[in-house]
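Architecture and fold: a report
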Amino acid sequence: MGRASFTAAFTIVSFVFILINYDVVSCLGFSISSHRNTMFLPLFPPKDTSYRSLPSRRLLQKSPPNARMALHDDLLLNGYYTTRLWIGTPSQRFALIVDTGSTVTYVPCITCKQCGKHQDPRFQPEMSSTYQPVKCNIDCTCDNEREQCIYERQYAEMSSSSGVLGEDIVSFGNQSELAPQRAVFGCENRETGDLYSQHADGIMGLGRGDLSIVDQLVEKHVISDSFSLCYGGMDFGGGAMVLGGIKPPEDMVFTNSDPVRSPYYNIELKEMHVAGKALNLNPRVFDGNHGTVLDSGTTYAYLPEAAFAAFKNAVMKAVHSLKQIEGPDPNYKDICFSGAGSDISQLSKAFPPVDMVFTNGKKLSLSPENYLFRHSKVRGAYCLGIFQNGKDATTLLGGIIVRNTLVTYDREHETIGFWKTNCSELWGRLNSSPPPPALPSGLDNTNSTGSMAPTLVPSGSPGYNAPGEIKVGFITFYMSLSVNYSDLKPRITELTHLIAQELDVNISQVHLMNFSTKGNDSLVKWAIFPAGSANYMSNAAATEIIHRLAETRDRLPDTFGSYRIFEWGIEHLPKRTGWQQSYLIVVIVFSVVLILGLSAFLGLLIWRRRQESPLPYERVETVVREQELQPLT
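Looking up the protein in an unreviewed UniProt entry gives the name Aspartic proteinase 36 isoform X1, with the organism given as Nicotiana tabacum.

Right, here's the structure in full:
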């Protein structure tokens, strides 16, 4: 889908919302080209499917706990970030897109007749002892039999989702202080378009509305009316999410967010500065239509026509030393530059700083990674990730703007806060909130449980290994399975594929180190090596693998029995002497010389033997013409 379609869709939504003042469920992530993924607001508002039988909101008497949850995937590669949610008893795991514009959480249901193949198995209500359907009532749209509440959502690119509403126990993982809670969610029975083909299972709605997971938890008085998101940077995907309040850092920058101004999370943007100079714009340019909307589900940023023209010209003037080149996709007229180098930490030497100034005078400074994306075909080249929003007057700020930025949506006080930070080190840098406990010695990952072990994130700048930084040679871990090795051995290749898929690595990186048996149980030691011909993996890659090991919920077939993963660790790359570094070359040269010598010796023997005993032959008197192939009739 092109950018024109996005603009048209956003305009239609704005118009319809003004007419009927309805709670709109927003955006999902979809590929719009070979290198571009983004999120879109819905083309049409949903039917009246809000579930309004929740108790009215009351003031919280004390500060409740919060839910700490890791984020996975990458904004530009996947088009979205996901978190893990466990539903039911016993719990069933799902990877859900975190979306501040959506007001419903839904997952594919086992009864779905038109659902694609996603990351995890579909939800099975009959397998959960705590599941209850939401029965038809006057506050919801009902199915044809008027037995159960339903939901229907249609999106800008004409994909859609529909299903029934159910209620069950929702768990947030062991990093969370928040105990499992009952919540209403959508059990999807039909999906079309990009929803059908996406890897993620479904959506986690963080917007305003009765079906929003945030609203439901607030109504139960188990969290304060706030949540936070922290997206990884250009070199490091993943991140963190907190449902509930946190004590804001002292230097967090806040701006007002008026819930009456827009159904979406908006901020009061007044000015933009490039290289320290304010753009020559009327401040009202950022207040058109829905105003300035902050949406975790939109990949890039989109400015009104006048603002984009001024921003583009200012950036191009500041990077006059770089060469402007064609974009990676001919379908778009991307503004790209080469010659900046591949080191993300050095981009500020080539590209100017950008400041966003709010009406209260506070300022959010953006680094180059907050407005650039990598050119997918030219190494060391980058393109502007801020575009013109067609003729729409709305300023739409997507996830690229808040890379490596903790964003707190303080709905209780109607403010949104920004704090520049390394999102991979978030827990350690939040002084008000203690870091998660150390890695356990073991993790019981039986197929029926829903627990998630806490993890520690290695310190250091993500994405590259600085001088003196630990060079990770490989990662090891043990897997104990309640199946005899004689039965396991024929399925090792299948198990290797499952591990590679769960850890998001190439199967060539997964190596079986050794195994042992005890009765009918098997103990297997695995190692994850660097990709390709690399001698070591970056701290960022190692961190992501450890995160996935800590949270892995492989839905292994029953033939693998129950299992647990434990004692994972990092093996450092040992220092090599000059002889060790050239050892392989010496072995190869010696082998080549040996093979050539043996070949020459055998050739000499054969030649002498032919000289001693020449073979008789008959002379061919006539040439026999080869028979030609006959054409088929």
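For the rest of this paragraph, the subject is the overall build of the protein. Each helix and strand counted, the protein has 10 helices and 34 strands in total. Within the protein, contacts between residues at least 6 apart in sequence are counted, and of these 71% link residues at least 24 apart.

Here we come to the environment of L211. Mapping L211 onto the fold places it in the loop between β11 (202-205) and α4 (213-219). Residue classification places L211 among the buried residues on the basis of a relative accessible area of 5%. In this structure the C-alpha to C-alpha distance between L211 and T105, which are 106 residues apart in sequence, comes to 7.4 Å.

For the rest of this paragraph, the subject is the nonpolar core. Counting residues in hydrophobic clusters, the biggest one holds 92 residues, and the most contacted among them are M204, L206, L243, F311 and F351. Ranked by residues supplied to this core, first place goes to helix α5 (residues 305-318) with 5 residues. A500, L503, V505 and V510 belong to the second-largest nonpolar core, a separate cluster that totals 27 residues.

With that settled, consider α5. In an α-helix, one turn spans 3.6 residues, which is why side chains three or four residues apart end up on the same side. Between its first and last C-alpha, α5 extends 20 Å over 14 residues, near the 20 Å set by a 1.5 Å rise per residue. Turning to α5, the residues buried within the fold contact β16 (269-274), β19 (301-303), β22 (354-358), β25 (382-384) and β26 (386-388).

What follows concerns the pairing of strand β33 (residues 521-528). Most of β33 sits out of view: 6 of its 8 residues are buried. The sheet contact formed by strand β31 (residues 472-481) and β33 spans 7 bridges and is antiparallel. Looking across to β33, one finds that I475 is bridged to I528. In this antiparallel pair of consecutive strands, strand β32 (residues 510-518) and β33, the connection spans 2 residues, and G519 shows a positive phi of 65°.

This brings us to the sheet that holds strand β13 (residues 239-243). Sheet architecture is open: 6 strands sit in the order β3-β13-β12-β28-β29-β14, paired in antiparallel fashion. Two strands lie at the open edges of the sheet, namely β3 (67-71) and β14 (253-256), each paired on one side alone. Neighbour-to-neighbour, the strand axes of this sheet turn through a mean angle of 15°, independent of strand direction. Note that strand β12 (residues 226-231) and strand β28 (residues 405-410) share 5 bridges and pair antiparallel. Considered in β28, the bridge of C230 is made with L406.

Our focus in this paragraph is the sheet that holds strand β20 (residues 323-325). Strands sit in the order β20-β21-β25-β24 across an open sheet of 4 strands; the sheet is antiparallel. In this open sheet, the two strands that pair with only one neighbour each are β20 and β24 (372-374). For this sheet, the mean angle separating the axes of adjacent strands, direction not counted, is 35°. As paired elements, strand β21 (residues 336-338) and β25 share 2 bridges and run antiparallel to each other. What sits directly across from F337, in β25, is Y382.

Counting buried residues in strand β9 (residues 160-171) gives 10 out of 12 residues, a clear majority hidden from the surface. Pairing of strand β4 (residues 82-87) with β9, which is carried by 2 bridges, proceeds in the antiparallel orientation. By the bridge assignment, I87 is partnered in β9 with V170. The sheet contact formed by strand β7 (residues 132-133) and β9 spans 2 bridges and is antiparallel. What sits directly across from P133, in β9, is G166. Of the pairings in the sheet, the one linking strand β8 (residues 150-154) to β9 comprises 5 bridges and is antiparallel in character. Paired with Q154 across the two strands is S160, which belongs to β9. One ladder, built from 11 bridges, connects β9 with strand β10 (residues 181-192); its direction is antiparallel. Counterpart to E167 in the pairing with β10 is V184.

Its place among the elements puts S296 in the loop between β18 (292-294) and β19. Relative accessible area serves as the criterion here: at 5%, S296 is assigned to the buried category. Beyond its immediate sequence surroundings of up to four residues, S296 is in contact with V98, D99, T100, L229 and Y231.

Caution is warranted with low-pLDDT regions, since their predicted coordinates should not be read in detail. Here the protein shows a mean pLDDT of 77. Residues at 70 or above account for 74%. The model gives residues 575-581 a pLDDT under 50, and that stretch makes 3 contacts with residues more than four places away or in other chains. This stretch, residues 613-633, has a pLDDT under 50; its non-local contacts, to residues over four places away or in other chains, come to 0 contacts.

The next thing to look at is the packing of aromatic side chains. If you walk through the whole model with that rule in mind, you get 17 aromatic pairs. A centroid spacing of 5.9 Å and a plane angle of 40° characterise the contact between Y302 and F387, whose relative ring orientation is tilted. One end of the pair, Y302, is in strand β19; the other, F387, is in strand β26, with 85 residues separating them in the sequence. For the pair shown, Y302 and F387 are each scored as buried. Here a set of aromatic residues connected by ring pairs shows up, and it is made of F94, F123, Y131 and F185.

Looking now at the side chain of D201. Here D201 is to be found in the loop between α3 (194-197) and β11. Here D201 is buried and forms no salt bridge, its nearest opposite-charge partner R93 lying at an N-O distance of 6.3 Å. Among the polar contacts made by the side chain of D201, one reaches the main-chain amide nitrogen of Q119 at a distance of 3.1 Å. Apart from the residues within four sequence positions on either side, D201 is in contact with F94, A95, L96, P108, H118, Q119 and D120.

All told, the structure shown has 8 salt bridges when counted by the stated rule. E502 is the salt-bridge partner of R93, the closest N and O atoms lying 3.0 Å from each other. Pair noted here: R93 is in strand β5 (residues 92-99) and E502 is in helix α8 (residues 492-503), with a separation of 409 residues, a long-range link. Pair check on accessibility: R93 and E502 agree, each one buried. For the salt bridge of D287 with R261, the shortest nitrogen-to-oxygen distance reads 3.3 Å.

What counts, and at which threshold
All residue numbers here refer to positions counted from 1 along the written sequence of the relevant chain. Only residues with pLDDT of at least 70 are given local features in this predicted model, and only at 80 or more are side-chain atom pairs given and counted; all residues enter the totals for whole chains, interfaces and linings. Excluding hydrogens and water, the side-chain values take into account all heavy atoms of the structure. Helix and strand assignments come from DSSP, with helices taken as H or I runs of at least 4 residues and strands as E runs of at least 2, each series counted from the N terminus. Only heavy atoms matter for contacts: two residues are in contact if any of them lie within 4.5 Å across the pair. Accessibility here uses a 1.4 Å probe with only protein chains present; expressed as a share of the type maximum, an area under 20% marks a residue as buried, one over 50% as exposed, and anything in between as partly exposed. As used here, the term nonpolar core means buried Ala, Val, Leu, Ile, Met, Phe, Trp, Tyr and Cys residues forming a set that is joined through side-chain atoms within 4.5 Å. A helix is expected to span 1.5 Å for every residue after the first. Whether two strands pair depends on DSSP finding at least two bridges between them. In this analysis an axis means a line fitted to C-alpha atoms, helices contributing only their contacting stretch, and an angle means the value between N-to-C directions, from 0 to 180 degrees. pLDDT is a per-residue confidence score from the predictor, ranging from 0 to 100. Centres within 6.5 Å make a pair out of two Phe, Tyr or Trp rings, where for Trp the six-membered ring is used; the pair is then stacked when the planes are under 30 degrees apart, edge-to-face when over 60, and tilted otherwise. Counted charges follow a simple rule, with Lys and Arg positive, Asp and Glu negative, and His plus the chain ends left uncounted. Salt bridges, as used here, are contacts in which a Lys or Arg side-chain nitrogen is within 4 Å of a carboxyl oxygen on Asp or Glu. In the analysis that follows, any N or O atom pair within 3.5 Å is treated as a polar contact, provided that within protein one partner can donate a hydrogen and the other can accept it, and provided that, for residues neighboring in sequence, both atoms belong to side chains.

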